[in-house]
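# Structural features, examined
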Amino acid sequence: MNNFYIAMGANLPSGGSLPKDTLNAAINDFRQQNMTIAAISAFYSTPCFPPGAGPDYVNAAVHLKSDLTSKDMLAHLHEIEAKHGRERLERWGMRTLDLDLVACGDSVLPDLATYEHWRTLPQDTQRQAAPSDLILPHPRLQDRAFVLVPLRDIAADWRHPVLHLTVTEMCNALAPEALAEIVVLES
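Residues numbered from 1 in each chain as written. Predicted model: local features only at pLDDT ≥ 70, side-chain atom pairs only at ≥ 80, totals over all residues. Heavy atoms only, no water.

Attention now goes to the nonpolar core. With 23 residues, the main nonpolar core has Ile 6, Met 8, Leu 23, Phe 30, Leu 64, Leu 99 and Leu 101 as its most contacted residues. Elements supplying a minimum of two residues to this core: strand E1 (2-10), helix H1 (19-32), strand E4 (57-66), helix H2 (70-83) and strand E5 (98-104). Sequence-distant contacts of Leu 23, that is, excluding residues within four places in its chain, are made with Met 8, Gly 9, Ala 10, Phe 43, Val 58, Asn 59, Ala 60 and Leu 97. Ranked by size, the runner-up nonpolar core spans 20 residues in total, among them Tyr 5, Tyr 44, Ala 103 and Met 170. (Core = buried A, V, L, I, M, F, W, Y, C linked by side-chain atoms within 4.5 Å. Buried < 20%, exposed > 50% of the residue type's maximum accessible area, 1.4 Å probe, protein only. Helix = DSSP H or I, 4+ residues; strand = E, 2+ residues; numbered from the N terminus. Contact = heavy atoms within 4.5 Å.)

A few words now on the packing of aromatic side chains. The geometry of two aromatic rings is summed up by the distance between their centres and the angle between their planes. In the structure shown here, the tally under the stated rule is one aromatic pair. Between Tyr 5 and Trp 158, the ring centres sit 6.0 Å apart and the planes meet at 50°, which makes this aromatic pair tilted. Here Tyr 5, found in strand E1, pairs with Trp 158, found in the loop between helix H5 (145-155) and helix H6 (167-173); they are 153 residues apart in sequence, far enough to count as distant. Neither Tyr 5 nor Trp 158 differs from the other in exposure class; each is buried. (Phe/Tyr/Trp six-rings, centres within 6.5 Å; stacked < 30°, edge-to-face > 60°.)

Take the pattern of salt bridges next. All told, the structure shown has three salt bridges when counted by the stated rule. Residue Lys 83 is joined to Asp 29 by a salt bridge in which the shortest nitrogen-to-oxygen separation is 2.7 Å. In this pair, Lys 83 sits in helix H2 while Asp 29 sits in helix H1, placing the two residues 54 residues apart along the sequence. A salt bridge links Glu 116 to Arg 119, with the shortest nitrogen-to-oxygen separation between them at 2.8 Å. Here Arg 119 and Glu 116 lie together in helix H3 (residues 112-119), a separation of three residues that amounts to about one turn. Note on Glu 116: relative accessible area 24%, which makes it partly exposed. (Salt bridge = Lys/Arg side-chain N within 4 Å of Asp/Glu carboxyl O.)

Any functional reading would require information beyond the geometric quantities listed.
Written out as structure tokens, the structure reads:
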């Protein structure tokens, strides 16, 4: 059984549903696909990334358990995104649903050298370049409060297999102002 950590986000309505409702619908889709939901984070309001690219997001994280491979899980996530109106028109653009496979246990995919290439890619290149293969863990996981804060709710002690830091330690390394921008939404 694989442990998958999924970052969820939405900042556009989908078929008349608000972003928070879309995240809840995606969670229901996980259940219908026989994936075991081990944990769900709180929902958070987070500033759009990159700044100025659209309305604020609703973000969350989910810990799923499944016998799927990482590539098969990614394919299922893309199917769920498409079901909720996701169109891949612009890298880091606005979206009705974003489901990012950020980690699978202690897997480093496709290999350490490729992972390091994408992790150390200059900021100006990141917006234009996208890997053709699945890279795990997500190469910028450690830099993104909108991923780490929800992930801390469900996997505070998960240890990054390359950086050897827990989610809590990665959160603590972020700038206080970045953490302050992540606000829990009321149920």
